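Tertiary structure, described
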Amino acid sequence: MISFLEFFVRYFPDLLSGIGMTLLLTAEGILAGLVLGLAATLARTYGGKFWRSLAIAYIELFRGTPLLVQLFLLYYGLPGLGIALSREWSAFLALGLNSGAYQAEYLRGSILAVGEEQMLAARAIGMSKWQAIFYIILPQALRLAIPAWANEPVSLLKASSVVFLIAVPELMTRAKMIASRTYDPIRSYLAAAVLYLILVYLVDAAMKWLEQHTRLPGLSQARQK
Amino acid sequence: MREFPPILQAKNLTKTYGENVIFKNISLDVYKGETIVIIGPSGTGKSTLLRCLNLLTPVDSGQIFLEGEEITAPSVNQDQVRQKIGMVFQNFLLFNHLTALGNVMVGLTKVKKMPHNQAKEKALQELERVGLADRAHHYPAQLSGGQQQRVAIARALAMDPLVMLFDEPTSALDPELIGEVLGVMEQLAHEHMTMLVVTHEMGFAREVADRIIFMEKGRIVEEGTPEDLFERPQQARTREFLGRISELYGKREKG
Ligand SMILES: Nc1ncnc2c1ncn2[C@@H]1O[C@H](COP(=O)(O)OP(=O)(O)O)[C@@H](O)[C@H]1O
Ligand SMILES: [Mg+2]
């Protein structure tokens, strides 16, 4: 029997390409989710009745159903409607749509926390509603959202492992392939676990950095007092 | 001499929130260069009146004119009107993510579309005017309440407004910080800025106001020069209110 370290080193190149795909899916999902989440939050907070309802429906639907169901609907369900998506596209869309619904909730909380009065002050110097939203409300809301929002990339990174069920070649899929090739599931999945752990640690560190570097002078000190 | 028409004129303004009538048929003329102080108990509708005057809140009926033009007309671009009416709030409401300079600049660059350098120069001048040029790069949370309110005044002044509205600008301040804000306002009055000031600072009202309006329960009870109101108030309600207010705030007044 070879040691875990030897096993790990031997299959690392294989796992590495899986890591690449995992990171790519996570990054794409976070970015797509940010755009969707932002749009949904703005629609919900500032939109008319129609946009508000649409945003709420989207958020509730995607937070209220499992990611796996959403993934299967996109990959196996859409072809029934004449829309055939590749594995990668299905995975990307499912992660983005799912994450967007969660990100919308983080952003909404912080927009409410910025408060109506900042809007009032912005309108008072002649800004339109949308100018106030983009120049005054969002820059503050995004900063406020970061500490809670920072959980989302880690959470999505781990959640992305479900896409192995439609055989997108990410880390989990690679681990499964190695397991069936070597008849050594313990070492294979242990290797995947170690790599996920490292990725999560790195993403966490990146989020801490982001938090530090977007902090407003004076505010943090004031809060600590 | 009063220049006609009044720079800001309100005719028969009525405002309700649901069943609640905040004020009814209020009329008001503000002439160029005038400082008007509005006094009155809290909950009387003073803040609501100011917000209606710069269209932050719609009135139910009545008309408002700015330089003779009706700004309550449906065709009016309200954002453009608000640029011309400066507003200073009780709790400062500086933009927390921007430095003092950024707060004063943002209206110039985003609303007036002024080039960055020109906006910066103008913003620095306005900060200079309120004595805060040396705090330009501080964020609101790094400034005292008095400094924040002076930045808020500079932010409004930068838009070159025709009228400045002040809604209890010193009510949220520690007593020792009130003087610096009133000082800036007094200086503006001497520069003949047109101002409408809601305040409980009777010293300021007495010394700086051209006219004082006493408002209660959504009505203008009495108006006149500081002498009229302080020395020979016509209405019992005015006397009563002034008596009460000088008890509350009397200790802080100068001389
Ligand atoms: N947005 C609002 N919705 C409902 N009622 C309001 C609102 N704003 C103010 N009011 C009510 O209007 C009345 C006058 O308030 P306000 O104008 O703030 O008085 P003042 O500034 O003289 O203290 C109060 O009874 C207050 O509760
Ligand atoms: Mg008030």
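Scroll up for the structure.
The next thing to look at is the overall build of chain B. Counting its regular elements, chain B contains nine helices and 10 strands. The C-alpha radius of gyration computed for chain B amounts to 18 Å, which stays within 12% of the reference 18 Å derived for 255 residues, consistent with globular compactness. On the principal axes, the C-alpha backbone points of chain B span a range of 55 × 50 × 40 Å. Taken across its 255 residues, chain B has 57% of its residues classed as buried. Accessible area for chain B stands at about 11400 Å²; split by element, carbon and sulfur atoms hold 45% of it. Separation between the mean location of the 29 positive side-chain charges and that of the 33 negative ones in chain B comes to 4 Å.

This paragraph deals with the side chain of K15 of chain B. Residues and elements named next belong to chain B. Within the secondary structure, K15 sits in strand β1 (residues 8-17). Look at K15: it is buried, it has no salt bridge, and the nearest opposite charge is D60 at 4.4 Å. Leaving out residues up to four positions away in the same chain, K15 has contacts with N20, V21, I22, F23, T48, C52, T57, P58, V59 and D60.

Chain A puts 21 residues into the contact, and the matching count from chain B is 25 residues. Where chain A abuts chain B, roughly 2100 Å² becomes buried across the two surfaces, and 65% of that area is made up of carbon and sulfur atoms. Among the residues chain A hides against chain B, the three largest losses belong to L120, A124 and I125 of chain A. Together they make up 27% of the total. For the pair chain A and chain B, the interface holds one salt bridge. Residue R123 of chain A is joined to D79 of chain B by a salt bridge in which the shortest nitrogen-to-oxygen separation is 3.0 Å. At the surface where chain A touches chain B, the tally comes to seven residue pairs in polar contact (both at pLDDT 80 or more). Elements supplying a minimum of two residues to the side of chain A that touches chain B: α5 (116-124) and α6 (129-149) of chain A.

Moving on, we come to the side chain of T41 of chain A. The topology assignment puts T41 of chain A in helix α1 (residues 4-46). When neighbours within four sequence positions are excluded, T41 of chain A is seen to be in contact with A104, L107, R108 and I111 of chain A.

What follows covers the pattern of salt bridges. The final tally for this structure, using the stated rule, is 19 salt bridges over all chains. Close ionic contact of R44 of chain A with E105 of chain A constitutes a salt bridge, the shortest N to O distance being 3.2 Å. Separated by 61 residues along the polypeptide, R44 of chain A in helix α1 and E105 of chain A in helix α4 (residues 87-114) bring together distant segments of the chain. With relative accessibility at 27%, the residue E105 of chain A sits in the partly exposed group. With a shortest N-O distance of 3.6 Å, E105 of chain A and R63 of chain A are connected by a salt bridge. With E105 of chain A in helix α4 and R63 of chain A in helix α2 (residues 49-63), this pair connects stretches of sequence that are 42 residues apart. Looking at R63 of chain A, the relative accessible area reads 35%, which means it is partly exposed. Residues joined in a network through salt bridges with shared partners are K122, E126, R129, D160 and E191 of chain B.

Now for the sheet that holds strand β9 (residues 211-216) of chain B. Residues and elements named next belong to chain B. Across the sheet, six strands lie side by side as β6-β7-β8-β3-β9-β10; this open sheet has mixed pairing. Strands with a single pairing partner mark the edges of an open sheet, and in this sheet they are β6 (85-88) and β10 (219-224). The sheet shows a mean angle of 20° between the axes of neighbouring strands, direction not considered. Here strand β3 (residues 35-39) runs beside strand β8 (residues 195-198); their pairing, made up of four bridges, is parallel. Paired with T35 across the strands is M195, a residue of β8. In the packing of helix α5 (residues 145-157) onto the sheet, the strands contacted are β6 and β7 (163-167), and the crossing angle to β6 comes to about 170°. Against the sheet, helix α6 (residues 175-190) engages β3, β7 and β8, with an angle of about 150° to β8.

Turning our eyes to something else, we now look at the sheet that holds strand β2 (residues 20-30) of chain B. Residue and element names in this part refer to chain B. Read from one edge of the open sheet, four strands run β2-β1-β4-β5, paired in antiparallel fashion. Lying at the two open borders of the sheet, with one neighbouring strand each, are β2 and β5 (69-70). Here strand β4 (residues 61-66) runs beside β5; their pairing, made up of two bridges, is antiparallel. Within β5, the position partnered with L66 by the bridge is E69. Across the face of the sheet, helix α1 (residues 46-53) comes into contact with β1, β2 and β4 while running at roughly 120° to β1.

Looking now at the site of ligand 1. Residues and elements named next belong to chain B. In the region of ligand 1, the neighbouring residues are Y17, I22, P41, S42, G43, T44, G45, K46, S47 and T48. The separation between an oxygen atom of ligand 1 and a polar side-chain atom of S47 is 2.7 Å. A distance of 2.5 Å separates an oxygen atom of ligand 1 from a polar side-chain atom of T48. The fraction of the free accessible surface of ligand 1 (560 Å²) that becomes covered by protein chains is 58%. The element best represented in the shell around ligand 1 is α1, accounting for three residues. When its residues are assigned to classes, the shell around ligand 1 shows three nonpolar, six polar and one charged.

The subject of this paragraph is the packing of helix α3 (residues 100-111) of chain B against helix α4 (residues 116-129) of chain B. All names here are of chain B. It is at 9 Å that the axes of α3 and α4 come closest, and there the two elements cross at 130°. In terms of orientation, α3 and α4 fall into the oblique class. Considering the relative orientation of α3 and α4, their crossing is right-handed. For the pair α3 and α4, the contacting residues are A100, L101, V104, M105, L108 and T109 in the first and H116, A119, K120, K122, A123, L124, E126 and L127 in the second.

Rules used in this analysis
Residues numbered from 1 in each chain as written. Chains lettered and ligands numbered in written order. Predicted model: local features only at pLDDT ≥ 70, side-chain atom pairs only at ≥ 80, totals over all residues. Heavy atoms only, no water. Helix = DSSP H or I, 4+ residues; strand = E, 2+ residues; numbered from the N terminus. Rg over C-alpha atoms; globule rule 2.2 N^0.38 Å. Buried < 20%, exposed > 50% of the residue type's maximum accessible area, 1.4 Å probe, protein only. Areas by Shrake-Rupley, 256 points an atom, 1.4 Å probe, with all protein chains shown as cover. Lys, Arg positive; Asp, Glu negative; His and termini not counted. Charge placed at Lys NZ, Arg CZ, Asp CG, Glu CD. Salt bridge = Lys/Arg side-chain N within 4 Å of Asp/Glu carboxyl O. Contact = heavy atoms within 4.5 Å. Buried area = accessible area lost by both parts, 1.4 Å probe. Polar contact = N/O pair within 3.5 Å; in protein donor to acceptor, adjacent residues only side chain to side chain. Pairing = 2+ DSSP bridges. Axes fitted to C-alpha atoms, helices over the stretch in contact; angles between N-to-C directions. Near = heavy atom within 4 Å. Nonpolar A, V, L, I, M, F, W, Y, C, P; charged D, E, K, R; others polar. Parallel < 35°, antiparallel > 145°, perpendicular 65-115°, else oblique. Left-handed = near helix turned anticlockwise from the far one by under 90°.

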